Amino acid sequence: MASVSERVVLAYSGGLDTSVGIGWLKDATGKEVVALAVDVGQGGEDMEDIRQRALDCGAVEAIVVDAKDEFAADFVMPALRANALYQKRYPLVSALSRPLISKHLARVARELGADSVAHGCTGKGNDQVRFEAAVAALAPELTSIAPIRDLALTRDKAIAYAEEHGLPIKQSKKNPYSVDKNVWGRAVETGLLEDPWNAPGDGVWEYTDDPAKGLPAEDVVIRFAEGIPVAIDGKAVTPLQAIEIMNTVAGRHGVGRIDIIEDRLVGIKSREVYEAPAGIALVAAHEELENLVLERDLGRYKRKIEADWANLVYDGLWFSDLKRSLDVFIAHTQRHVSGDIRLKLQSGVAMVTGRMSDQSLYDFDLATYDTGDTFDQSHAKGFIELWSLPSKISAKRHAKNEG
Ligand code: ARG
């Protein structure tokens, strides 16, 4: 009577909620739980320790995937090419990792013949939507289970369950904040930050030093090839290395601290604090290189599309048809986005101070006010005459109507 149990693949972080989630899932569904830990550069614990903990908490199998390079190349780089900043500020740190984790959840579920996947999100955030919408788009046959949300499991219940079952979870020294972290940045929520008037205290920051520390300014030169950073100060880098280096360099100047009221997809306004030194510095550099090489109307149009792209990704629609089609458009815009950008880093600011490209549309002879000017100013007069003609006609009517 060897009936094969059904399996569920759980996105496992190693923390209290998902550790307890293994037992809860088993109890509530009768399924065998496979734990999947995806390394997106969250740092902290050794992934092998996390894997072992999943087994100790009752997982039948625990899998670790090092997805840092994949995350950087396939998820962060498209965001950089899109200059993606939700509400013009947030580089989509968590929103980018969820579709990647979901992709691995779906893959492992299919490989192991599981019929469902699970995540440890609550019902109040965006991440639940991102996981489930991504899985729905990639593997529509799978069911998503959210034990924390659907069984209304609180932190106190989790601690009680862990104690009762002797689960090997050391209660982390009471971190007052909820933190989500990857190589593209950190998101910090809850605790004192829930009062939007409270300034983020020093304990919030990890990727950035105090911008008021007064380090001398530092220049860094980023070379892009088709919108992707390929060298920093002359040294060739992979996308992951570019991000890691810029986190260190921009981070020591306090670049990339963000404090905003954010509109969540579920309708809640929340106070969010982020730090993304590489994200803010690289987007500033990339955007300015585009200003140099993109034909005017293409540049203007792309800026509008960028906001749509960021909203779609924020809202969990990474694998949607519209987002994929926008990716094709954006990729096509990047053909000429190659060249060097010099950033000056100082006191929390990454300022572009130089740009150079063999794809540049900047024409010195047209732009100069000195001798050698090739721009024929006599054309401007007639151009403006025609350009303002519709306004002039309309103004005349207005004058007539007003009497
Ligand atoms: N509000 C941000 C977002 O929706 C950050 C989410 C952080 N996630 C977390 N589980 N703490 O992208």
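Each value, and the rule that gives it
Residues numbered from 1 in each chain as written. Predicted model: local features only at pLDDT ≥ 70, side-chain atom pairs only at ≥ 80, totals over all residues. Heavy atoms only, no water. Pairing = 2+ DSSP bridges. Helix = DSSP H or I, 4+ residues; strand = E, 2+ residues; numbered from the N terminus. Contact = heavy atoms within 4.5 Å. Axes fitted to C-alpha atoms, helices over the stretch in contact; angles between N-to-C directions. Salt bridge = Lys/Arg side-chain N within 4 Å of Asp/Glu carboxyl O. Buried < 20%, exposed > 50% of the residue type's maximum accessible area, 1.4 Å probe, protein only. Near = heavy atom within 4 Å. Polar contact = N/O pair within 3.5 Å; in protein donor to acceptor, adjacent residues only side chain to side chain. Areas by Shrake-Rupley, 256 points an atom, 1.4 Å probe, with all protein chains shown as cover. Nonpolar A, V, L, I, M, F, W, Y, C, P; charged D, E, K, R; others polar. Patch = residues over 30% accessible without salt bridge, like charges linked within 9 Å, V, L, I, M, F, W, Y side chains within 5 Å. Parallel < 35°, antiparallel > 145°, perpendicular 65-115°, else oblique. Left-handed = near helix turned anticlockwise from the far one by under 90°. Expected span 1.5 Å × (residues − 1).

Undergrad: Tell me about the sheet that holds strand β8 (residues 218-225), residues and numbers included.
TA: Spatially, β10-β9-β8-β13-β14 is the arrangement adopted by the five strands of the open sheet, whose pairing is antiparallel. Edge positions in the open sheet fall to β10 (235-236) and β14 (349-356), since each of these has one partner strand only. Its contacts with the sheet put helix α8 (residues 239-251) on β8, β9 (228-232), β10 and β13 (339-346), and the angle it makes with β9 is roughly 65 degrees.

Undergrad: Give a detailed account of the sheet that holds strand β4 (residues 116-118), specifying residues and quantitative values.
TA: Strands sit in the order β3-β2-β1-β4-β5 across an open sheet of five strands; the sheet is parallel. The open sheet has two free edges, formed respectively by β3 (61-66) and β5 (143-145), since each of these has just one partner strand. Here the strands of the sheet are splayed against their neighbours by 25 degrees on average, with no regard to which way each runs.

Undergrad: Outline the pattern of salt bridges, listing residues and values.
TA: One pass over the full model with this rule turns up 35 salt bridges. For the salt bridge of K68 with D66, the shortest nitrogen-to-oxygen distance reads 3.3 Å. Residue classification places D66 among the exposed positions, given a relative accessible area of 53%.

Undergrad: Give a detailed account of the site of the ligand, specifying residues and quantitative values.
TA: The immediate surroundings of the ligand are formed by 14 residues, with Y90, N126, D127, R130 and E262 found nearest. Between the ligand and the protein, one listed contact pairs a nitrogen atom with a side-chain N or O atom of S178 at 3.2 Å. Here Y274 contributes a side-chain N or O atom positioned 3.2 Å from a nitrogen atom of the ligand. With the chains in place, 87% of the 350 Å² that the ligand exposes on its own is no longer accessible. Of all the secondary structure elements, the ones that give two or more residues to the shell around the ligand are α4 (93-112), α5 (127-138), β6 (178-182), β7 (185-189) and β12 (269-275). Residue composition of the shell around the ligand, grouped by class: four nonpolar, three polar and seven charged.

Undergrad: Outline the pairing of β14, supporting the account with residue identities and numerical values.
TA: For β13 and β14, the ladder comprises seven bridges, and the chain directions are antiparallel. Bridged to I341 within β14 is R355. Hairpin geometry of β13 and β14 is characterised by an intervening segment of two residues between the two adjacent antiparallel strands and by a positive phi of about 50 degrees at S347.

Undergrad: Give me a nonpolar patch on the surface: which residues, what numbers.
TA: A cluster of nonpolar residues, F383, I384 and W387, forms a patch on the protein surface that exposes about 400 Å² of accessible area. One can find F383 in helix α13 (residues 378-387). Of the residues examined, F383 reaches a relative accessible area of 52% and is grouped as exposed.

Undergrad: Could you give me a rundown of the pairing of β6, with the residues and numbers involved?
TA: Bridge count for β6 against β7 is five bridges, and the pairing is antiparallel. Directly across from D180, in β7, lies its bridge partner A187. Between β6 and β7, which pair antiparallel and follow one another directly, the connecting turn spans two residues.

Undergrad: With reference to specific residues and values, describe the environment of D115.
TA: For D115, the location among the structural elements is in the loop between α4 and β4. For D115, a relative accessible area of 27% puts it in the partly exposed group. Each C-alpha atom, one on D115 and one on R7, is 6.3 Å from the other, the two residues being 108 residues apart in sequence. Each residue touching D115, except ones within four places of it in the same chain, is listed here: E6, R7, K31, E141, L142 and T143. Side-chain polar atoms of D115 contact the side chain of K31, separated by 2.9 Å. There is a polar contact of 2.9 Å between the side chain of D115 and the side chain of S116.

Undergrad: Tell me about the packing of α4 against α5, residues and numbers included.
TA: For the pair α4 and α5, interaxial distance at closest approach is 8 Å and the crossing angle is 45 degrees. Relative to α5, the element α4 is oriented oblique. The crossing of α4 and α5 is right-handed. Here S94, A95, R98, P99, I101, S102, K103, L105, A106 and R110 of α4 lie close against α5, whose contacting residues are D127, R130, F131, A134, V135 and L138. Within the contact of α4 with α5, the residues separate by chemical class into nine nonpolar, two polar and five charged.

Undergrad: A description of α4 should follow, citing residues and the corresponding values.
TA: Taking 1.5 Å per residue, 20 residues should reach 28 Å; α4 reaches 29 Å between its end C-alpha atoms and fits that length. In terms of residue burial, α4 counts as a mostly covered element, since 15 of its 20 residues are buried. Directly after α4, the chain includes G113, whose backbone phi takes a positive value near 70 degrees.

Any link to function would need more than the numbers given here.
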